[in-house]
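Examining the three-dimensional arrangement
Here is what each chain is made of, one letter per residue.
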Amino acid sequence: MTDTSETFKAKSTIKSADLEHRHKINFNIGRYNAVVPHGKSQFTDLTLARERAKNIKWRALETLDQQLEQFEMKFTRKGGKVIWAKNAKEALDHIISICKEKNCKTLVKSKSMVTEEIHLNDFLKKNNIESIETDLGEYIQQLDGEPPYHIVTPAMHKSKEDVAKLFAEKFGTDPKLTPEELTLVARHKLREKYAGAEVGITGANFIISDIGAVAITENEGNARLSCAWPKTHIVIAGIEKVIPSITDLALFWPLLSTYGTGQKITSYNTIVSGSRQTNETDGPEDMYVILLDNNRTTILANPKQRESLYCIRCGACLNACPVYKNIGGHAYGTTYSGPIGSVITPHLQGMEDFKHLSFASSLCGNCTEVCAVKINLHELLLENRSEAVNSGYVSFGEKTAWKIWKRASLSRSMMNMSNGNIKNRLVNNIFKGWKKHRGELHFSKKTFNELWRERFNG
Ligand code: SF4
């Protein structure tokens, strides 16, 4: 068993028994569940909308090279610069060289899972650059020294009382502040940072190929300030974020907001297509888009797993997952948690170290049911299991146990041997590891043959 798998089990065991944690998560997911029907009501045919979105992402990924090259051509025509980064190191090297060139001491950034993936904040800190999260949830997490808990709502595991306590500790504010008052405190602190930052970093919800632009969706306006206020704007986006045309946003924007937060449309939707032009009065003087691979092409090369790249990071599968709801986002120990995280992380970070995530599933299929773009998540989890076994990442003990199990299951005489009680004792002693985190296996008291004879031979 790998260290990552051991840590996952240890953290999951603790969290799943933490009733306060469960209460907070159920409360916040309950609020999400209550508003999603409102968002869905805007679609006359929701299934068709999701299928269309899946088809568009299919087309985008099947022609990914052309889509990205078209994006680069259009974007550079407007003065933007495109940087292709094969991995996290290359992306970080480019970011630091831009920061050094711009003499950057303070940087503001909006919420972006890709920057979490490459551990940007730690890297900037080591390079003596102050990096400020400007999304309220991310800001709370940064203050608390924690990574985001959820891909859409980073501080979902915290109650308003937790946040008030955190602000009181960090800023000496009244621990009884209301959410509105806490927001004003954060707003006041962040405004100062925007004004002083030399560089702004954002992610991208979509890379729009036909017009050479990126689309950013948010509810607070902080991403818009991060792009527009500092003189330099860096976007970092996974290559799979591409959509072929600006007209596709008419479908993707409402779909993302419905499945992400239950809104019909998110409060701020921004399209950024390059640096400030000569006839424009505002916007950054320089704009860069870093297109990050970081093993996404490994997924692209895998015909079965490719559809996991259609993900628009709405977070709906996390909210629907019984495993996520019990163990929470941090137990995964990965940037991307929940069902989509369990599907893609073994490919992004290594099957041997992260295969266990695909086994930590009830395979209930609820993730597939709720996915905004109809990714067959539970089937991909099964595919991962199969790939892990075929790659030989199973212990000798497990292989032997399954061989014995198979031999016995295929042998009528072995199945008919002894009664249920003896079988229960025997099997539950052999499969002790299985029992540790699951209920015991129960054999019927009578064998199948005995039951058959009783029913049909009187
Ligand atoms: S896999 Fe589907 S449901 Fe999960 S985050 Fe991605 S788009 Fe949303």
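Relevant structure appears above.
Rules used throughout
Residues numbered from 1 in each chain as written. Predicted model: local features only at pLDDT ≥ 70, side-chain atom pairs only at ≥ 80, totals over all residues. Heavy atoms only, no water. 1 Å grid on protein atoms, 1.4 Å probe; cavity = no way out; pocket = protein on both sides within 12 Å on 5 of 7 lines; lining within 4 Å. Points joined across faces, edges and corners; volume = space filled by probe spheres on them. Helix = DSSP H or I, 4+ residues; strand = E, 2+ residues; numbered from the N terminus. Nonpolar A, V, L, I, M, F, W, Y, C, P; charged D, E, K, R; others polar. Buried < 20%, exposed > 50% of the residue type's maximum accessible area, 1.4 Å probe, protein only. Pairing = 2+ DSSP bridges. Near = heavy atom within 4 Å. Sits in = over half its atoms within 2 Å of the grid points. Phe/Tyr/Trp six-rings, centres within 6.5 Å; stacked < 30°, edge-to-face > 60°. Lys NZ or Arg CZ within 6 Å of the ring centre and 35° of its normal. Core = buried A, V, L, I, M, F, W, Y, C linked by side-chain atoms within 4.5 Å. Contact = heavy atoms within 4.5 Å.

1. Notes on the layout of surface pockets
Taken as a whole, the second largest pocket spans an internal volume of roughly 1400 Å³. Of all the secondary-structure elements, those providing two or more residues to the lining of the second largest pocket are α1 (3-16), α15 (322-327), α18 (356-359), α21 (396-409) and α24 (432-436). When residues of the lining of the second largest pocket are assigned to their parent elements, the largest contribution, eight residues, is made by α1. The residue inventory of the lining of the second largest pocket, partitioned by class, reads 15 nonpolar, 13 polar and eight charged.

2. Describing the pairing of strand β4 (residues 199-202)
Of the two faces of β4, the one holding V199 and I201 and the one holding G200 and T202 are both buried throughout. Relative to β4, strand β2 (residues 106-109) runs parallel, the two being bridged by three bridges. Across the sheet, V108 pairs through a bridge with G200, a residue of β4. Relative to strand β7 (residues 232-238), β4 runs parallel, the two being bridged by four bridges. Bridge pairing links G200 to H233 in β7.

3. Observations regarding the site of the ligand
Within the structure, the ligand sits among 14 residues, and C311, C314, G315, C317 and C371 are positioned closest to it. Spatially, the ligand is embedded in the second largest cavity. Looking at the shell around the ligand residue by residue, the classes come out as 12 nonpolar, one polar and one charged.

4. Focus: the packing of aromatic side chains
All told, the structure shown has 12 aromatic pairs when counted by the stated rule. Note on Y149 and Y324: the rings are 5.9 Å apart at their centroids and 70 degrees apart in plane angle, and the pair reads as edge-to-face. Here Y149, found in the loop between α8 (136-143) and α9 (160-171), pairs with Y324, found in helix α15; they are 175 residues apart in sequence, far enough to count as distant. We note that Y149, like Y324, is buried. Among the aromatic residues, ring-to-ring pairing joins F8, Y149, Y324 and Y332 into one connected group. The ring of F171 has K189 lying over it, and the distance from NZ or CZ to the ring centre is 4.6 Å. The ring of Y336 is capped by R313, whose NZ or CZ atom sits 4.5 Å from the centre of that ring.

5. Looking at the nonpolar core
Counting residues in hydrophobic clusters, the biggest one holds 102 residues, and the most contacted among them are I95, I118, F206 and V214. Look past the residues within four positions of I118 in its chain and what remains in contact with it is A88, A91, L92, I95, I236, L292 and N294. V108, F167, L182 and Y194 belong to the second-largest nonpolar core, a separate cluster that totals 17 residues.

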